[in-house]
Amino acid sequence: MNSEMEKLFYWLESETTNIQQQEDLSYLESLLAATDKWLDGDLRPEGTPSKEDIRKAIQLTVLKGMQENVQPHHQMTPDALGLLIGYLVDLFVKEEAISILDPAVGTGNLLLTVMNHLGDRTRAAGVEIDDLLIRLAANTGNLVEQPVMFYLQDALQPLLIDPVDAVVSDLPVGYYPHDDHAAEFELKGEEGMSYAHHLFIEQSLKHTKEGGYLFFVVPQALFESPQAPQLHSFLKANAHIQSVMELPSNLFKNAGHAKGILVLQKKKEGLRAPKEVLLAKVPNMSQPQSMSKFFMQVNAWFKDNK
Ligand code: SAM
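The structure displayed is predicted, hence computed values, not measured ones. (Residues numbered from 1 in each chain as written. Predicted model: local features only at pLDDT ≥ 70, side-chain atom pairs only at ≥ 80, totals over all residues. Heavy atoms only, no water.)

A. Molecular detail of the packing of helix H1 (residues 3-22) against helix H2 (residues 27-40). At a closest axis distance of 8 Å, the pairing of H1 and H2 adopts a crossing angle of 115°. In this view, H1 runs roughly perpendicular relative to H2, as classed from their interaxial angle. At the point where H1 passes H2, the crossing takes the right-handed sense. Contact residues: H1 offers Leu 8, Trp 11, Leu 12, Glu 13, Thr 16, Thr 17, Ile 19 and Gln 20, while H2 offers Tyr 27, Ser 30, Leu 31, Ala 33, Ala 34, Lys 37 and Trp 38. Here the contact of H1 with H2 is composed, by residue class, of 9 nonpolar, 4 polar and 2 charged. (Axes fitted to C-alpha atoms, helices over the stretch in contact; angles between N-to-C directions. Helix = DSSP H or I, 4+ residues; strand = E, 2+ residues; numbered from the N terminus. Parallel < 35°, antiparallel > 145°, perpendicular 65-115°, else oblique. Left-handed = near helix turned anticlockwise from the far one by under 90°. Contact = heavy atoms within 4.5 Å. Nonpolar A, V, L, I, M, F, W, Y, C, P; charged D, E, K, R; others polar.)

B. Region of the structure containing the pairing of strand E10 (residues 278-281). The two faces of E10 differ: Leu 278 and Ala 280 on one face are buried, but Leu 279 and Lys 281 on the other face are not. As paired strands, strand E8 (residues 239-246) and E10 are joined by 4 bridges and run parallel to one another. When the sheet's bridge partners are listed, Glu 246 is paired in E10 with Lys 281. (Buried < 20%, exposed > 50% of the residue type's maximum accessible area, 1.4 Å probe, protein only. Pairing = 2+ DSSP bridges.)

C. Spotlight on the pairing of strand E2 (residues 122-128). Most of E2 sits out of view: 6 of its 7 residues are buried. Bridge analysis of strand E1 (residues 98-102) against E2 gives 5 bridges, and the strand direction is parallel. Across the sheet, Ile 98 pairs through a bridge with Thr 122, a residue of E2. Two elements, E2 and strand E3 (residues 148-152), share 5 bridges in a ladder whose sense is parallel. When the sheet's bridge partners are listed, Ala 125 is paired in E3 with Met 149. For the crossover from E2 across helix H6 (residues 131-143) to E3, the handedness is right-handed. (Right-handed = clockwise from strand over helix to strand, strands pointing away.)

D. Structural detail: the packing of aromatic side chains. For the structure shown, the criterion picks out 11 aromatic pairs. Seen from their ring centres, Tyr 87 and Phe 295 are 4.4 Å apart, and the 55° between their planes marks the pair as tilted. Highlighted residues: Tyr 87 in helix H4 (residues 79-92) and Phe 295 in helix H10 (residues 288-305), separated in sequence by 208 residues. Residue classification places Phe 295 among the partly exposed residues on the basis of a relative accessible area of 24%. Centre to centre, the rings of Phe 92 and Phe 215 are 5.9 Å apart; their planes meet at 70°, and the pair counts as edge-to-face. (Phe/Tyr/Trp six-rings, centres within 6.5 Å; stacked < 30°, edge-to-face > 60°.)

E. Region of the structure containing the nonpolar core. Core analysis: the biggest nonpolar cluster contains 63 residues, and Ile 85, Leu 88, Phe 92, Ile 100, Phe 215, Met 245 and Ile 261 have the highest contact counts within it. The biggest single contributor to this core is H4, with 8 residues. In this structure Ile 100 touches Leu 111, Val 114, Met 115, Leu 118, Thr 122, Arg 123, Ala 124, Ala 125, Val 164, Ala 166 and Val 168, once residues within four positions along its chain are discounted. Formed by 31 residues, the second largest nonpolar core is a distinct cluster that contains Tyr 176, Ala 196, Leu 205 and Leu 262. (Core = buried A, V, L, I, M, F, W, Y, C linked by side-chain atoms within 4.5 Å.)

F. Representation of helix H9 (residues 228-238) within the structure. By the burial criterion, the buried members of H9 are Ala 228, Gln 230, Leu 231, Phe 234 and Leu 235. Here the buried residues of H9 occupy an arc of 155° about the axis, which is enough to place them on one side. Counted as exposed and oriented over 90 degrees from the buried face of H9: Pro 229, Lys 236 and Ala 237. (Arc of directions from axis to C-beta.)

G. How the structure looks around the environment of Trp 38. Checked against the element boundaries, Trp 38 lands in helix H2. Sequence separation of Trp 38 and Asn 139 is 101 residues, and the distance between their C-alpha atoms is 9.3 Å. Discounting chain neighbours no more than four positions away, the residues touching Trp 38 are Leu 8, Trp 11, Leu 12, Leu 43, Pro 45, Ile 54, Ile 58 and Leu 143.

H. Summary view of the pattern of salt bridges. Counted under the stated rule, the structure contains 8 salt bridges. Ionic pairing is found between Arg 135 and Asp 131, a salt bridge with its closest N-O pair at 3.3 Å. Remark: Asp 131 and Arg 135 occur in helix H6; sequence separation between them is 4 residues, near one turn of the helix. Arg 135 sits in the partly exposed class, given a relative accessible area of 40%. Residue classification places Asp 131 among the partly exposed positions, given a relative accessible area of 39%. Here Lys 259 and Asp 170 are joined by a salt bridge, their closest N and O atoms 3.4 Å apart. Remark: Asp 170 occurs in strand E4 (residues 164-170) and Lys 259 occurs in strand E9 (residues 259-266); sequence separation between them is 89 residues. Both residues of the pair, Lys 259 and Asp 170, belong to the buried class. (Salt bridge = Lys/Arg side-chain N within 4 Å of Asp/Glu carboxyl O.)

I. Representation of the site of the ligand. Thr 77, Thr 107, Glu 128, Asp 154 and Ala 155 are the nearest of the 22 residues found near the ligand. The contact in question runs from an oxygen atom of the ligand to an N or O atom on the backbone of Leu 110, over 3.1 Å. Out of a free accessible area of 610 Å², the ligand has 92% covered by protein chains. Split into classes, the residues belonging to the shell around the ligand amount to 10 nonpolar, 9 polar and 3 charged. (Near = heavy atom within 4 Å. Polar contact = N/O pair within 3.5 Å; in protein donor to acceptor, adjacent residues only side chain to side chain. Areas by Shrake-Rupley, 256 points an atom, 1.4 Å probe, with all protein chains shown as cover.)

See the structure below:
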C-alpha cells in the first residue's frame, strides 16, 4: 500500500463510520453519503491524492462494506484483473481517443481502473441495474474526474448508447429471469432459460463498432455448458475470437467461481481472424517473473497475429 492511499482510506473509512453511527444507514450507504459530502466540498481529505489513490481508497472501503453485507452477485472486480484488462485494451485498441462501454459496471472499479490506466484517452458509458452500486460508481467517477455516462437500467433492455471502440465487462453469470426480453436475442436458451452472460455478449457486440474489441471476464467453463454450441456458432458469425485466458484460482474466493478472460473483435469487411487464438494461462499475479514471461507470450502472439 502506498502511504498517501492508506491515509486516504483511513480518512474515508472513519468518515463513513461516523455517518453510519449518526444515521440509520448501511455501511455502503454511509460510504455513498461520505462521497456525496466529499464531492460537495463538505468533507475534504488532506493532501492531493492521485486518481489511483482515490479509486483504490474507495475500492478498499467498498470491500469493507461488502464484507459486512455479503452480496454474492455484486463481487467487485479485483484490482489485478482490472490492471491486466487495462494492459490488454492498451495493446489491442489503437484509436487515440477510445470510447468504452461496461454494461455491468457495478461499483465502477473495473471500468475506472482501465480508464486510469489509459490516461486521458478515454470516455465511457456504464450500465448497472443496482441503484446503490451505480451511485457509488458515479461518485467515484466524478472524484477521479473520468468522463463516464452512467445508465441505471437492465443492460439487456434497449440501450441508448452509440457503438463504442471497446467493451470491458466482468459479466454477471447465471440465468436471466425475463424470458420475454431474452426471446429477442439470438442467444436465447433454445430449451428453457437463457444465460445472462450469453445475452450480455450479444448485447455488447451490438453496441461495438465494426472492428472494435471486447474484453470480458467470463466463467472458466463458458465453452463447456450445454448452450456452448449455440454461443460458438453465434461468435463464429459475428466476431473473431482473439484470446481465451485462464485466470489463477487465487483471485477468486470460491474455486467453483473460476473465471477467465475472453477477447473478441467484432467482424468487419476485410478484417481477418488471427492465425491462431491466443490460449494462455495467467500466472499468479503477485509473481513478477511469471508475469513478465506471460506478457512476453502475449506480445509475441500480438506481433505474429495482428
Ligand atoms: N466490474 C464490476 C466492479 O468492478 O464493481 C463488477 C461487476 S459484477 C461481477 C456484475 C454486475 O452486473 C453486478 O453489479 C450486477 O448488479 C450487474 N447486473 C446483473 N444483471 C444486470 C443487468 N441485467 N443489467 C445491468 N447490470 C446487471
